[in-house]
Amino acid sequence: MQEERYFTYSNWVLIVPMVTVLLIWSIFWAELSLGLNLNAYGIEPRTFLGLRGIVFGPFIHGSISHLYHNTIPIALLLAALVQFYRESALKVLFWGTLFAGFVTWAIGRPSHHIGISGVIYLLASFIFFKGILTKHYRLVALSLVVVFIYGGLLWYMFPIEEGISWEGHLSGFVVGILLAFTVKGGSPPKPKFDWERDDFREEEDVFLRHFDSEGNFIGNGDPIPPSDGETKIVYHYRETQKGDEEAG
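Residues numbered from 1 in each chain as written. Predicted model: local features only at pLDDT ≥ 70, side-chain atom pairs only at ≥ 80, totals over all residues. Heavy atoms only, no water.

> I'd like a rundown of the overall build of the chain, residues and numbers included.
The secondary structure content of the chain amounts to 8 helices and 0 strands. Reading the chain from its N terminus to its C terminus gives the helix and strand order α-α-α-α-α-α-α-α. Buried positions account for 34% of the 248 residues belonging to the chain. Considering only intrachain contacts with a sequence separation of at least 6, the fraction spanning at least 24 residues in the chain is 76%. In the form shown here, the chain has an accessible surface area of approximately 16800 Å², with 65% of it arising from carbon and sulfur atoms. (Helix = DSSP H or I, 4+ residues; strand = E, 2+ residues; numbered from the N terminus. Buried < 20%, exposed > 50% of the residue type's maximum accessible area, 1.4 Å probe, protein only. Contact = heavy atoms within 4.5 Å. Areas by Shrake-Rupley, 256 points an atom, 1.4 Å probe, with all protein chains shown as cover.)

This is the structure:
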């Protein structure tokens, strides 16, 4: 019962992804409508002013294609995080975004690093490794789904394509692994059998009533009569009634 309550659907599964997607699209629409260019608010490595990009950078995108390719992954991974790791979701998002942004600021090339893809790598990494560590069949299955859908993202943690912040991707991935090992809680409680509970009483257990003190099966509670060493076979017959004929 504790496990089922843990996996109960929450309205936040829809609210958090919808608000995030609405926010990043609204900012991009405002840039187009007002003729703004907010790229300067991205992470600018190893500059004091560039630290502001740790907070603002994930919400800024350079093109409609950039925004489109980030929308579905961030929505799905946020929904998975909130549904299956709701107790630690806020900690993962807050600290993960800050640490991944800071690592990007420390190792990134001189440029403006923008986009929410670093958070995508953070979530994919955390969900995968946390599921494996918990060894819970549902969370392990979720980990495998993440690998199946987003396994190809691994290539973009390396400088294989110009104009992509592979440093942000790598930072998010590494921080996700660290959080999977360090963030406590968020896993479903291990189910307990009745006999493992502190208030368990053997004399009240329905199943144990079928056994005597020496572990012999006694059926409905009647003691087994002592055996004289001979095997007895007892047949019970009933009178044939009308309609009992076998069908051919």
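Moving on from the coordinates now.
> Run through the packing of helix 6 (residues 117-134) against helix 7 (residues 137-150), naming residues and quoting values.
Across the interface, helix 6 lies against helix 7 with an axial gap of 7 Å and an inter-helix angle of 145°. Handedness of the crossing formed by helix 6 with helix 7: left-handed. Only L139, V140, L142, S143, V146 and V147 of helix 7 make contact with helix 6, whose side of the interface consists of A124, I127, F128, G131, I132 and T134. Its residues assigned to classes, the contact of helix 6 with helix 7 shows 9 nonpolar, 3 polar and no charged. (Axes fitted to C-alpha atoms, helices over the stretch in contact; angles between N-to-C directions. Left-handed = near helix turned anticlockwise from the far one by under 90°. Nonpolar A, V, L, I, M, F, W, Y, C, P; charged D, E, K, R; others polar.)

> So what's going on with helix 6? Residues and values would help.
Under the 1.5 Å per step criterion, the end-to-end length of helix 6 is 26 Å for 18 residues, consistent within 8% with the ideal 26 Å. Most of helix 6 is tucked away, with 13 of its 18 residues classed as buried. One or two residues past the end of helix 6 sits K135, with phi positive at roughly 60°. (Expected span 1.5 Å × (residues − 1).)

> Requested: an account of the environment of L78, with residues and values cited.
Relative to the assigned elements, L78 resides in helix 4 (residues 64-84). The spatial distance from the C-alpha of L78 to the C-alpha of V119 is 9.7 Å, given a sequence separation of 41 residues. Leaving out residues up to four positions away in the same chain, L78 has contacts with V16, P17, T20, L93 and L123.

> Tell me what's going on with the packing of aromatic side chains, and back it up with residues and numbers.
Under the criterion given, the structure shown has 7 aromatic pairs. Between the aromatic rings of Y85 and F126, the centroid separation amounts to 5.5 Å while the plane-to-plane angle is 70°, which identifies the pairing as edge-to-face. Here the residue Y85 occupies a position in the loop between helix 4 and helix 5 (89-107), and F126 occupies one in helix 6, the gap between them amounting to 41 residues. An identical accessibility class is assigned to Y85 and F126; each is buried. Consider the rings of W95 and F99, whose centres lie 5.7 Å apart with planes at 25°: the pair is stacked. (Phe/Tyr/Trp six-rings, centres within 6.5 Å; stacked < 30°, edge-to-face > 60°.)

> Please provide a residue-by-residue account of a nonpolar patch on the surface, values included.
A contiguous nonpolar surface patch, about 510 Å² in accessible area, is contributed by W25, I64, Y68, I72 and L76. Element by element, the count of residues in the nonpolar patch is highest for helix 4, at 4 residues. By secondary structure assignment, the location of L76 is in helix 4. Using a relative accessible area of 48% as the deciding quantity, one classes L76 as partly exposed. (Patch = residues over 30% accessible without salt bridge, like charges linked within 9 Å, V, L, I, M, F, W, Y side chains within 5 Å. Salt bridge = Lys/Arg side-chain N within 4 Å of Asp/Glu carboxyl O.)

> Could you give me a rundown of the nonpolar core, with the residues and numbers involved?
Membership of the largest hydrophobic core comes to 29 residues, with the highest contact counts inside it found for I74, L77, L81, L123, F126 and I127. Those elements that place two or more of their residues in this core are helix 2 (12-34), helix 4, helix 5, helix 6, helix 7 and helix 8 (166-182). The dominant element in this core, judged by the number of residues it contributes, is helix 6, at 7 residues. Ignoring any residue separated from it by four or fewer positions in sequence, one finds L77 in contact with I120, L123, A124, I127, V146 and Y150. (Core = buried A, V, L, I, M, F, W, Y, C linked by side-chain atoms within 4.5 Å.)

> Before we move on, can you summarise the side chain of T20 with the specific residues and values?
Inspection of the secondary structure assignment puts T20 in helix 2. A relative accessible area of 16% places T20 in the buried class. Those residues in contact with T20 that lie beyond four places of it in its chain are I74, L78 and I116.

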